[in-house]
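# Notes for the structure review
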Amino acid sequence: MTVRTRFAPSPTGFLHIGGARTALFSWAYAKKHGGQFILRIEDTDVERSTPAAVQAIMDGMHWLGLDYDEGPFYQMQRMDTYKKVLQTMLDKGTAYHCYSSKEELEALREAQTLAAAKPRYDGKWRPEAGKTLPIVPAGISPVIRFKNPQTGSVVWDDLVKGRIEIANAEMDDLIIARADGTPTYNFCVVVDDYEMGITQVIRGDDHVNNTPRQINMLNALGATVPQYAHLSMILGDDGQKLSKRHGAVSVMQYHEDGYLKEAVLNYLARLGWSHGDAEIFNMQQFCDWFDLDHITPSAAQFNTEKLSWLNAHYIKEANIDELSSDIATRLAALNIEVKLQPKLQDVLGLYRERVNNLNQLANDIAYFYALPQASASDIEKHITPEVKPALHELAGQLATIEWTAEAIHHEINQVVTRLQLKFPKIAMPLRVMLIGIAQSPSIDQVMALLGQKETLARIQTVLKY
RNA sequence: GUCCCCAUCGUCUAGAGGCCUAGGACACCUCCCUUUCACGGAGGCGACCGGGGUUCGAAUCCCCGUGGGGACGCCA
């Protein structure tokens, strides 16, 4: 049987880090086994679902390169199918109409909670051999409930958590269609997983409790039960649960925040899954290695520092043209236009080794294309009266030489030696004058890239004071 | 409250009864490299939640605690 997995988000918000990892694992599992990965949009909650959220989710998946083989399928467009199945179940007696009102149910729940019992439906309208049902009230449209078995238990071997057994006595008859006739989540999932031939359901931990109900419905439908793999959740950097109010951000935010998708992907893959000591691997390797056996069943805390470490690695590895185009975009956002000289690729070649973030990279090299603004304290600290003569002398010499890093280095050495100064004594003020801060790569290389004319102009500007 | 799940360095994890004196990675600390800041290199610090079993032998299996999390909607 060919493997078919799916990612089934509800379009009520962006694709966050947890959803992205679920999608990644489902995707990788399908790839690993030469199967299909399906995208299904669970939009039956009309109130909260939005087209913008659908777009946001697809944008996130697209950025990460999580391509799907089938879909997107929208549940709202599959109503006919659901209604047909609903009718079949009603006919077969595995589902029934329930006329209990929302108010009635709420009161019931309240009473049960008060009595410290598990809130659940009391089975008032559940048909039973020899049982007389209440009189159907006029003018009330009923909901449809699934007739869940009341004895025995549901057992499945979770591919992540192992054997899980839940007693049917713990479950009540869940509503599978609302009063307005629209089917609900657990029912749609069952019908879809069945009809789409899903073989492995890989989803979040929070669905563990839905699984036995879904298995019961699958059985009622005479369907093959897929395998289930429940992924534990991802906690925020602070160990707290991620929520809209606290720390949950779109994966696209990582793009904006200067992370390469390769880093995010590698990080996510390694969060809750491992392959021996492997830390750095590309998606091809990940798909080759991926298995459900090595997923940790416990929750994992997100660690931005490790993500940054991976980001640094992938910035070094990145294709230089792709990196350039990314950085040019970020510079544009800073209102800095990349000029022809120095070539952005060359500048990046000098800088990419030292950073772990693309925004930082753009920011660090901005001075090549825009005038830097040194702080008064840096100027005061480094451009002291005693080095000014040296700087003047150097400036004069630099105007005459061939403009290469070697020649510049040689020239600085000459001046330094002649005036009996330490190299940093002159390198630091040069940095402040040229770059605006006292930290940079090798100053001679920076100057070589900046160009003779620009370098001298910047030096003169400062020395005039 | 009921049910379900989880538990190894600060963090991500390796670990399938002897390869464990518990390994790797991030972070941190020290040193080296050095023209500053980084990068890089070499070291270091640092964990099996507690208690009972089972066994010749337990991080690993079982039970009980404890702690954390999840579910209990005409949400998904």
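Refer to the preceding data block for the structure.
Below or above, wherever it landed, is the structure these notes cover.

Roughly 1,300 Å³ of volume is contained in the largest pocket. Along the walls of the largest pocket sit 38 residues, with Ser10, His16, Gly19, Asp206 and His207 positioned nearest its centre. When residues of the lining of the largest pocket are traced back to their parent elements, those giving at least two are β1 (4-7), α1 (17-32), α5 (185-195) and β9 (200-204). The greatest single-element share of the lining of the largest pocket, amounting to 4 residues, is contributed by α1.

The next point concerns the pattern of salt bridges. Considering all chains together, one arrives at 23 salt bridges under this definition. Residue Arg270 pairs with Glu279 through a salt bridge whose shortest N-O separation is 3.3 Å. Among the charged side chains, a salt-bridge network with shared partners connects Arg6, Arg40, Glu42, Arg78, Asp192, Asp193 and Glu195.

Time to look at the environment of Tyr121. Relative to the helices and strands, Tyr121 resides in the loop between α4 (102-114) and β5 (143-146). We classify Tyr121 as buried; its relative accessible area is 8%. With 50 residues separating them in the primary sequence, Tyr121 and Met171 have C-alpha atoms 9.1 Å apart. Filtering out sequence-adjacent residues up to four positions away, Tyr121 remains in contact with Tyr96, Cys98, Ser100, Leu105, Leu108, Arg126, Arg145, Asp172 and Asp173. In this structure the side chain of Tyr121 is engaged in a polar contact, spanning 3.4 Å, whose partner is the backbone nitrogen of Lys124.

Contacts to RNA strand B come from 63 residues, most closely from Asp45, Ala116, Arg178, Arg354 and Ser440. Within the contact set of RNA strand B, a sugar or linking oxygen lies 3.2 Å away from a backbone nitrogen or oxygen of Glu42. Ala438 is positioned with one of its backbone polar atoms (N or O) 3.0 Å from a base oxygen of RNA strand B. Where the surface near RNA strand B is concerned, the elements lending two or more residues are α4, β7 (162-167), α5, β12 (300-301), α10 (304-317), α17 (423-434) and α18 (443-450). Sort the elements by how many residues they give to the surface near RNA strand B and α17 lands first, with 5 residues. In terms of residue class, the surface near RNA strand B is built from 22 nonpolar, 19 polar and 22 charged.

Quick look at the pairing of β7 now. Of the pairings in the sheet, the one linking strand β6 (residues 153-158) to β7 comprises 6 bridges and is antiparallel in character. From the neighbouring strand, Trp156 faces β7, where its bridge partner is Ile164. Taken together, β6 and the strand that follows it, β7, pair antiparallel across an intervening segment of 3 residues.

Looking now at the environment of Glu70. Structurally, Glu70 can be placed in strand β3 (residues 70-74). When the C-alpha atoms of Glu70 and Ile38 are compared, they prove to be 4.8 Å apart, with 32 residues separating the residues in sequence. If we ignore the near neighbours within four places in the chain, the residues touching Glu70 are Arg4, Gln36, Phe37, Ile38 and Leu39. Polar side-chain contacts of Glu70 include one of 2.9 Å to the side chain of Arg4.

Running from amino to carboxyl end, helix α15 (residues 388-398) crosses helix α16 (residues 405-418) at an angle of 145°, the nearest separation of the two axes being 10 Å. In terms of crossing hand, the pair formed by α15 and α16 is right-handed. Residues Ala390, Glu393, Leu394, Gln397 and Leu398 of α15 pack against Ile408, Glu411, Ile412, Val415 and Arg418 of α16. Grouping the amino acids of the contact of α15 with α16 by side-chain chemistry returns 6 nonpolar, 1 polar and 3 charged.

In terms of nonpolar packing, the biggest core is built from 103 residues, with Leu24, Phe286, Ile327, Ile365, Phe368 and Leu430 touching the most fellow members. Among the elements that make up this core, the one with the highest residue count is α1 (9 residues). Residues in contact with Ile327, not counting those within four places in the same chain, are Leu344, Leu348, Leu358, Leu361, Ala362 and Ile365. Of all hydrophobic cores here, the second largest spans 33 residues; its members include Ile144, Phe187, Val190 and Ile198.

A few words now on helix α11 (residues 320-333). With 14 residues, α11 should cover 20 Å at 1.5 Å per step; its first-to-last C-alpha distance of 20 Å lies within 8% of that length. Within α11, the full set of buried residues consists of Leu323, Ser324, Asp326, Ile327, Arg330 and Leu331. Buried positions in α11, seen along its axis, are confined to an arc of 170° and lie on one side of it. Of the exposed residues in α11, the ones pointing more than 90 degrees away from its buried face are Glu322, Thr329 and Ala333. In this structure Asn319 caps α11, since a side-chain oxygen of it lies 2.9 Å from the backbone nitrogen of Asp321. At the C-terminal side of α11, Asn335 shows a positive phi close to 65°.

About the cut-offs
Residues numbered from 1 in each chain as written. Chains lettered and ligands numbered in written order. Predicted model: local features only at pLDDT ≥ 70, side-chain atom pairs only at ≥ 80, totals over all residues. Heavy atoms only, no water. 1 Å grid on protein atoms, 1.4 Å probe; cavity = no way out; pocket = protein on both sides within 12 Å on 5 of 7 lines; lining within 4 Å. Points joined across faces, edges and corners; volume = space filled by probe spheres on them. Helix = DSSP H or I, 4+ residues; strand = E, 2+ residues; numbered from the N terminus. Salt bridge = Lys/Arg side-chain N within 4 Å of Asp/Glu carboxyl O. Buried < 20%, exposed > 50% of the residue type's maximum accessible area, 1.4 Å probe, protein only. Contact = heavy atoms within 4.5 Å. Polar contact = N/O pair within 3.5 Å; in protein donor to acceptor, adjacent residues only side chain to side chain. Near = heavy atom within 4 Å. Nonpolar A, V, L, I, M, F, W, Y, C, P; charged D, E, K, R; others polar. Pairing = 2+ DSSP bridges. Axes fitted to C-alpha atoms, helices over the stretch in contact; angles between N-to-C directions. Left-handed = near helix turned anticlockwise from the far one by under 90°. Core = buried A, V, L, I, M, F, W, Y, C linked by side-chain atoms within 4.5 Å. Expected span 1.5 Å × (residues − 1). Arc of directions from axis to C-beta.

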